[in-house]
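Residues per chain are reported as follows:
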Amino acid sequence: MTKKPQENAASNLDAVKIKWFHHRLSTWGTQNLRDFPWRQTCDSYAILVAEHLLQKTDAITVVPIYKAFLFKYPTLENLVKASIDELNELLKPLGLYFRAERLYQCARIIIEQYGGKIPNSEKQLLELPGIGKYTARAICSQAFSQPLAVLDTNVARILERFFGLQGERVKSRCKILWRAAETIAPDKEVGKWNLTLLDFGAMVCRAKNPLCNDCPLSAKCDYVQIQPNDSKKILLSSSLK
């Protein structure tokens with residue numbers, strides 16, 4: 001009899017496996033984290049801008065636009081003086097035509113309601129235009145060093161594959177996967193942990209053609225275990241070298 005998702009989640013998130021997962025992934029992260037300009041700052045405005053620009057957009061594509069944006073609008077005050085038309089023109093290469101207006105409205109509300117200071121609570125950030133749970137938590141963890149886990153398609157894919165979980169179709173709203181992300185998050189340096197998961201999902205545990213042969217998690221990964229025997233032997237022998 002097939003387990004319900006809730007039962008599946010509860011039975012697979014055991015402490016020993018989580019500890020092993022932490023160790024292997026953290027070790028990978030010390031040598032492989034990607035270097036983006038928004039990761040070189042704790043400035044809340046710069047991170048707010050980055051998270052808006054990164055929504056549904058590849059990070060490499062965002063880099064030049066992010067740099068140009070901050071050069072032209074280095075502060076919230078500069079941003080609210082801009083016109084929607086010029087913002088649209090600057091952000092046009094990123095797609096999502098509504099991105100510029102949401103970011104502009106977000107800046108105006110912060111100026112008017114928060115005295116120009118980026119809110120440092122998930123609840124307050126969620127009330128701003130264009131900010132959902134992932135974006136709010138990304139800002140809190142990266143700008144304010146708060147221990148809040150994140151969940152996007154990359155993180156969801158890692159959790160489902162490694163722990164054998166089965167989330168809902170819309171990963172960003174899946175309570176099972178959010179609960180799992182929060183359960184496995186470490187007590188310290190959650191911001192760095194979040195980045196490690198994001199990069200691992202983008203670079204190794206990819207949606208298509210995952211690099212299982214070079215994956216430090218292969219030895220205990222449920223996804224690898226369900227592969228055909230011949231393939232599994234190859235994957236496991238490679239991961240244990």
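These figures come from a predicted structure and were not determined experimentally. (Residues numbered from 1 in each chain as written. Predicted model: local features only at pLDDT ≥ 70, side-chain atom pairs only at ≥ 80, totals over all residues. Heavy atoms only, no water.)

When a protein is soluble and globular, its nonpolar side chains tend to lie buried together. Ranked by internal contacts, the top residues of the largest apolar core, which has 40 residues, are Trp-38, Leu-53, Tyr-66 and Phe-69. Listing elements by their share of this core, those giving two or more residues are helix H3 (44-54), helix H4 (59-72), helix H5 (76-80), helix H6 (84-91), helix H7 (99-114) and helix H9 (133-143). Among the elements that make up this core, the one with the highest residue count is H3 (eight residues). When sequence neighbours within four positions are dropped, the list of residues in contact with Leu-53 reads Val-62, Ile-65, Tyr-66, Leu-91, Leu-94, Arg-99 and Leu-103. (Core = buried A, V, L, I, M, F, W, Y, C linked by side-chain atoms within 4.5 Å. Buried < 20%, exposed > 50% of the residue type's maximum accessible area, 1.4 Å probe, protein only. Helix = DSSP H or I, 4+ residues; strand = E, 2+ residues; numbered from the N terminus. Contact = heavy atoms within 4.5 Å.)

This part covers unusual backbone geometry. For Glu-189, which is not glycine, the phi torsion reads 50° and is therefore positive. Along the polypeptide, Glu-189 turns up in the loop between helix H11 (175-184) and helix H12 (190-203). The phi torsion at Asn-209 lies on the positive side, around 50°, for a residue other than glycine. As for its placement among the helices and strands, Asn-209 is situated in the loop between H12 and helix H13 (222-225).

Attention now moves to the pattern of salt bridges. Counted under the stated rule, the structure contains seven salt bridges. Residues Arg-137 and Glu-182 are paired through a salt bridge, measuring 3.1 Å at the closest nitrogen-oxygen approach. Taken together, the residues span a long stretch of sequence, with Arg-137 in helix H9 and Glu-182 in helix H11 at a distance of 45 residues. If you follow the salt bridges from partner to partner, you end up with Arg-34, Arg-39 and Asp-199 in one network. (Salt bridge = Lys/Arg side-chain N within 4 Å of Asp/Glu carboxyl O.)

Tallying each qualifying case throughout the model produces 10 aromatic pairs. Ring centres of Phe-162 and Phe-163 lie 4.8 Å apart, and the angle between their planes is 85°; on these two criteria the pair is classed as edge-to-face. According to the relative accessible area criterion, Phe-162 is buried, its value standing at 1%. Its relative accessible area of 0% is what places Phe-163 among the buried residues. Three or more aromatic residues link up through ring pairs in this structure, and these residues are Trp-20, Phe-21, Phe-162, Phe-163 and Trp-193. We note Lys-17 situated over the ring of Phe-162; from NZ or CZ to the ring centre the distance is 4.7 Å. Sitting over the face of the ring of Trp-178, Lys-133 holds its NZ or CZ atom 4.1 Å from the ring centroid. (Phe/Tyr/Trp six-rings, centres within 6.5 Å; stacked < 30°, edge-to-face > 60°. Lys NZ or Arg CZ within 6 Å of the ring centre and 35° of its normal.)

This is a description of form; function is not addressed.
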